[in-house]
Amino acid sequence: MLRLGVNMKILVTGGAGFIGSNFIRLILKKYSEYKIVNLDKLTYAGNLDNLRDIEKNTNYTFVKGDICDKSLIEKLMKGIDIVVHFAAETHVDRSIKESGIFIDTDIKGTYILLQAAKKNNVKKFIHISTDEVYGEIYKGSFKETDSLNPRNPYSAAKAGADRLAYSFFCTYNFPVIITRSSNNFGPFQHPEKVIPLFVTNLLDGKKVPLYGNGLNVRDWIYVIDNCEAIDFLINNGKIGEVYNIGGGSEISNIDLTKLILNFFKKDESFIEYVKDRLGHDRRYSLDCDKIKVLGWKPRFSFDEAMKSTMVWYKNNEWWWRKIKSGEFRKYYQEHYKKHME
Ligand code: NAD
Ligand code: TYD
């Protein structure tokens, strides 16, 4: 296994998003000598407010740019030791409405990064994939060796990127590690995703739109656990391998909704059953023995992490209000002009 030095330079893509920003915060805190370059296009999902507390850290640099911009990527890749590739279009509902951008960013963008990273002899390329590439499973749990059966344009694009990254290992012996995590929750998640959407709707006294019969099941992982697992795999993962990262906390959407309603002391009249998502995957479930054998397991209990997440949204209205009120772009132009070229 390649031993990492103390002065690593990491290129994080999509670091202004939900998981990427939590990851950058974790790494800067844990490794005082590491340098991080955060490349993010600042799409509707990218938000520099996620990194306000560390923007002045001298080990941190932000670059506004697109992973599909080949010449920018080739320039940025010089001197990089590790790439941690989060950048993607990530919302299933958006991919159902319009999938073109998912193909461009998630597949082509990954290809451009892989090419440039290989050319520059990057020591490790951590490709952030998702449990959604396996498709749905009614009983049992997916192992890393199971075949992929993505069922919506988002997960199909992610499956393409996942296998493209793997092909760079098989074909060129390029040092790729692939992570497939389950649904993340925690601070700084865009309020289009179910937990922050439901929590902030209730904080506003609004109903929550539950798709179909609410019986779809997801396995939830606290974002800090996922970020720690990624760090663990950078140090302990085997090159060319895929690792599932699950929270081990499966819950149906209806039970999740009741848990949130309970916390905010609201009754079930706040549930609005709405038309189901097209091709809605029934259940995701991961077998995580492979990473557990290496020595990682989640630190946080689902109930405790959910409570602290709900409290976080309650206490950080400044963060989500401008996103939900649609003033985000305007606010952004004014407050982050220096990053917008
Ligand atoms: P997010 O939507 O919150 O953030 C994505 C980030 O990527 C944003 O900051 C956006 O501006 C940036 N981005 C988008 N297109 C870009 C481009 N062309 N160039 C540069 N930057 C671009 O997503 P997230 O929830 O933080 O997910 C991060 C990664 O983890 C994704 O690859 C996703 O597929 C994967 N993942 C997410 C979950 C989850 O539950 N959130 C679960 C498993 C895997
Ligand atoms: P989401 O947070 O979009 O994540 P993913 O589709 O990647 O799993 O959705 C989580 C679950 O919640 C999924 O089964 C769809 C459901 N859902 C609703 O019931 N209502 C909503 O408004 C949203 C956004 C999701």
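Residues numbered from 1 in each chain as written. Chains lettered and ligands numbered in written order. Predicted model: local features only at pLDDT ≥ 70, side-chain atom pairs only at ≥ 80, totals over all residues. Heavy atoms only, no water.

### Let's talk about the layout of surface pockets
Let me state the cut-off plainly: Grid points spaced at 1 Å over the protein atoms alone were grouped into cavities, where a 1.4 Å probe fits but cannot get out, and pockets, open sets with protein on both sides within 12 Å along at least five of seven lines, with lining residues defined by an atom within 4 Å of a point. Grid points are joined across faces, edges and corners, and a volume is the space filled by probe spheres set on the points. Only DSSP runs of H or I with at least four residues qualify as helices, and only runs of E with at least two residues qualify as strands; both kinds are numbered from the N terminus onward. Put simply, Ala, Val, Leu, Ile, Met, Phe, Trp, Tyr, Cys and Pro go in the nonpolar bin, Asp, Glu, Lys and Arg in the charged bin, and everything else, Gly too, in the polar bin.
Considered as a void within the structure, the second largest pocket measures approximately 160 Å³ in volume. Forming the boundary of the second largest pocket are Asn 22, Arg 25, Leu 26, Lys 29, Pro 187, Phe 188 and Ile 224. Looking at the lining of the second largest pocket, the element that brings in the most residues is helix α1 (residues 18–30), giving four residues. Of the residues contributing to the lining of the second largest pocket, the split by class is four nonpolar, one polar and two charged.

### Looking at the packing of aromatic side chains
Where we set the bar: Stacked, edge-to-face and tilted are the three classes for Phe, Tyr and Trp ring pairs, Trp counted by its six-membered ring, which pair at centre distances within 6.5 Å; planes under 30 degrees apart are stacked, over 60 edge-to-face, the rest tilted. Only protein chains enter the accessibility calculation, which uses a 1.4 Å probe; a residue is then buried when its area is under 20% of its type maximum, exposed when over 50%, and partly exposed in between. Any Lys NZ or Arg CZ that is within 6 Å of a ring centre and within 35 degrees of that ring's normal is treated as a charge sitting over the ring.
Scanning the model with the defined rule gives 18 aromatic pairs in all. Ring geometry for Phe 185 and Trp 220: centres 6.3 Å apart, planes at 75°, overall edge-to-face. A residue pair is termed long-range when its members are at least 10 positions apart, and Phe 185 in strand β7 (residues 183–185) and Trp 220 in strand β9 (residues 217–222) qualify at 35 residues. Ring geometry for Phe 185 and Phe 302: centres 5.6 Å apart, planes at 75°, overall edge-to-face. Placement of the pair is Phe 185 in strand β7 and Phe 302 in helix α10 (residues 302–315), with a sequence separation of 117 residues. Note on accessibility: Phe 185 and Phe 302 belong to one class, buried. One aromatic cluster is present, formed by Phe 185, Trp 220, Tyr 222, Phe 300 and Phe 302 through successive ring pairs. Sitting over the face of the ring of Tyr 44, Arg 94 holds its NZ or CZ atom 3.4 Å from the ring centroid. Just above the ring of Tyr 243 sits the side chain of Lys 290; from NZ or CZ to the centre is 4.9 Å.

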